[in-house]
Amino acid sequence: MQRREDQIVRSLTLAVKELGHEVPSSGVHVEIPAREEHGDYSTNLALLLSKQIGQPPLSIAESLIATEAIRSLPHLVKVEIARPGFINFTLAATHLHELMVEVKEEGRDLFARHDFGDGTRMQLEFVSANPTGPLHIGNGWWASYGDALGRVLERCGYSVTREYYVNDTGGQIRTLGASILARRRGEEPPEGGYLGDYIVEQASRYLGEEDIVEAGKWAAEENLATIQRSLERLNIVFDTWFSQASIEDSGAVANVVDLLFERGAVFENDGALWLRSTEWGDTRDRVLRKSNGDYTYLAGDIAYHYNKFVIRAFDAVIDIFGADHHGQVASMRAAMAALGIDVDRLEIRLGQIVSLESGDQAVKFSKRAGTAVSLDWLVDEVGPSVTRLLALSTSLDRATTINLAEAKERSMENPAYYIQYAHARMAALDRMRSERGIAPAAIDDARELGVLVHPREIRLMREIIALPEVVRLSALERAPHRVTTWLKGLAAAFHGFYHDCPVLMEGISDELVAARLYLVEVARVAIVTGLDLLGVDAPEEM
RNA sequence: GCCCCUGUAGCUCAGCGGAUAGAGCAACUGACUUCUAAUCAGCAGGUCGUAGGUUCGAUUCCUACCGGGGGCGCCA
């Protein structure tokens, strides 16, 4: 779709040149204003030029709108100057009709697609929960975010790899094994062990040796399979499951510590090897190899990130962790800097804590204490669509409390029903069209859509054409929840249209039926595109 | 103490430095011989935590303070 904004920017550029000025290098916006009185598009250009050339913005705006470049803008009905110095363009409905044809021709594959990602190889690491138990709801929230962000980035031309880092070795696996063995003996898990009920159940099925490592690995493998199934229920599929044990066994950890040593970033103290991370902005230095000779988790993670950036040479990496891993951020960035890796290639996004409201109390999740509410339980309760849309309704930066009663309601409280119902209505219209032997919507010329002038139709068309910009911003700001916000608006516009603009009822002209059917098809392209970006199904009927 | 996130309507939350700050829910009122009312419409609800600063313009950016959440291991 040729974005109308770009067309207007080109005309404004010509207009500025016509007046003999330079276009400001940054800050110029052409946007769809929030208020309809402000027209279809609006620009702050005159306000910025005012600063640059020292003339009042209103008189600059006057000169601009008098130029040939502006007067000849396609579809232009009216151009107005507003208070501080905005220029507001009102276009004829024909500009919307034209764009509808473009969206329909692009279809689900091409509409709202961008190429600015330019094939950048980007790795997204997310979830990476230790296989010491089932995923909890917080994991599901951040998993939905990571997957949707990947979809948005892919639509903008990035080449995305989704990866899960599996902590299949080390102290937690031993603790897990010890907890299993204790339960099998009918005892309480040891101090610091895992207290969840699932451990008791697993212990009853463990037939192996009385060996904590063997028991731990057995349970971890089983847990990992469970985790994978939980994620697949949410439409989340990883490209790679990267084993921590594999990187340790390969000697890569020792190698990267050697490399850090060669670069002078390591020192010895109290029998341990330390990373001089304070030199790169960390609040304290970090242990890489303990005095007992074992490498720390951090050392393994550094080797893993070295593998991402140097061995596999991803152009950029986004790590998505829970806020409880905040402490790792400065250390990892320091380690990358110490290795001479451009720190800007590493982006770490932290998801704030998710809790569940049960009665009046918020339940905090702890896997060790066994109070984590499992993701599977929530998906059983409300289904995958509601889970994903709820997770993707708010910013990652906001700590959320899930209200189960509201999540189970089948109303607008639940964006999933509202949005999916809009799609089901579109699908129903198409079924009915087919049953009545009416040909699928087809238009040879945008002028055949000239009958679409009802305020409900206008609003729907305006919502549809906003998606490309929403997708662009979602990718740049790593904010897929913007797509959810847009979907709610689109669904609202469609429900309003559906209510006031009959498509297949008696007494409607053939021409209007054809145009409205076409509009419904275009709306369907848009809503399916949006839902797919979030990994949510578009049901034919509900 | 230090670091990160957050404070917007009664509640849950949107809001790329722009114009009169928006949705849903809850409360109240209205619309079903229908293309599925899982919908639509109306009404009501705001010192955008507080105080400064930058700017033509600040809910948005900066600083300080106050409230809430999270993190500061030779755990992972």
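Structure's up top.
For clarity, every value in this text was computed on a predicted model and none was experimentally measured.

Quick look at the overall build of chain A now. Across its full length, chain A holds 21 helices and 15 strands. Reported as C-alpha extents along the three principal axes, the dimensions of chain A are approximately 80 × 60 × 40 Å. For chain A, the proportion of its 542 residues judged to be buried stands at 51%. Intrachain contacts of chain A at a sequence separation of at least 6 include 72% that bridge at least 24 residues. Of the roughly 24400 Å² of accessible surface on chain A, a fraction of 48% belongs to carbon and sulfur atoms. For chain A, the distance from the average site of its 56 positive side-chain charges to the average site of its 80 negative ones is 2 Å.

Moving on to the pattern of salt bridges. Applying the stated rule across the entire model yields 33 salt bridges. Across the pair R205 and E222 runs a salt bridge whose closest N-O atoms are separated by 2.8 Å. With R205 in helix α8 (residues 197-205) and E222 in helix α9 (residues 212-233), this pair connects stretches of sequence that are 17 residues apart. When its relative accessible area of 37% is taken as the criterion, R205 is described as partly exposed. Owing to a relative accessible area of 24%, E222 belongs among the partly exposed residues under this scheme. A salt bridge links D430 to R524; its shortest N-O distance comes to 4.0 Å. Taken together, the residues span a long stretch of sequence, with D430 in helix α17 (residues 415-435) and R524 in helix α21 (residues 510-534) at a distance of 94 residues. Note on D430: relative accessible area 23%, which makes it partly exposed. Residue R524 is classed as buried on the basis of its relative accessible area, which comes to 8%. Through salt bridges with shared partners, one network takes in D147, R151, E154, R162, R388 and D532.

Below, the discussion takes up the nonpolar core. Ranked by internal contacts, the top residues of the largest apolar core, which has 119 residues, are F89, Y164 and I464. Top element by residues in this core is α21. It accounts for 16 residues. Not counting the four nearest positions on each side in its chain, F89 is found in contact with I8, L12, G39, D40, Y41, T43, I70, L73, L76, K78 and V79.

This part is about the packing of aromatic side chains. This structure, assessed with the given rule, holds 11 aromatic pairs. On the basis of an interplanar angle of 40° and a centroid distance of 4.7 Å, the ring pair of F126 and F238 is categorised as tilted. Note that F126 is positioned in the loop between β5 (121-125) and α6 (137-155) and F238 in the loop between α9 and β7 (240-243), a separation of 112 residues in sequence. Both residues of the pair, F126 and F238, count as buried. The interplanar angle of 85° and the centroid separation of 5.5 Å between the aromatic rings of Y164 and F238 together place this pair among those described as edge-to-face. Remark: F238 occurs in the loop between α9 and β7 and Y164 occurs in strand β6 (residues 159-166); sequence separation between them is 74 residues. With relative accessibility at 0%, the residue Y164 sits in the buried group. In this structure F238 comes out as buried when scored by relative accessible area, which is 7%.

Summarising the element assignment, N130 is placed in the loop between β5 and α6. Polar side-chain contacts of N130 include one of 3.1 Å to the side chain of N167. Here Q172 takes part through its side chain, which lies 3.1 Å from a polar atom of the side chain of N130.

On the surface, D444, E448, D510 and E511 cluster together into a negatively charged patch. Note on E448: relative accessible area 32%, which makes it partly exposed.

Each value, and the rule that gives it
Residues numbered from 1 in each chain as written. Chains lettered and ligands numbered in written order. Predicted model: local features only at pLDDT ≥ 70, side-chain atom pairs only at ≥ 80, totals over all residues. Heavy atoms only, no water. Helix = DSSP H or I, 4+ residues; strand = E, 2+ residues; numbered from the N terminus. Buried < 20%, exposed > 50% of the residue type's maximum accessible area, 1.4 Å probe, protein only. Contact = heavy atoms within 4.5 Å. Areas by Shrake-Rupley, 256 points an atom, 1.4 Å probe, with all protein chains shown as cover. Lys, Arg positive; Asp, Glu negative; His and termini not counted. Charge placed at Lys NZ, Arg CZ, Asp CG, Glu CD. Salt bridge = Lys/Arg side-chain N within 4 Å of Asp/Glu carboxyl O. Core = buried A, V, L, I, M, F, W, Y, C linked by side-chain atoms within 4.5 Å. Phe/Tyr/Trp six-rings, centres within 6.5 Å; stacked < 30°, edge-to-face > 60°. Polar contact = N/O pair within 3.5 Å; in protein donor to acceptor, adjacent residues only side chain to side chain. Patch = residues over 30% accessible without salt bridge, like charges linked within 9 Å, V, L, I, M, F, W, Y side chains within 5 Å.

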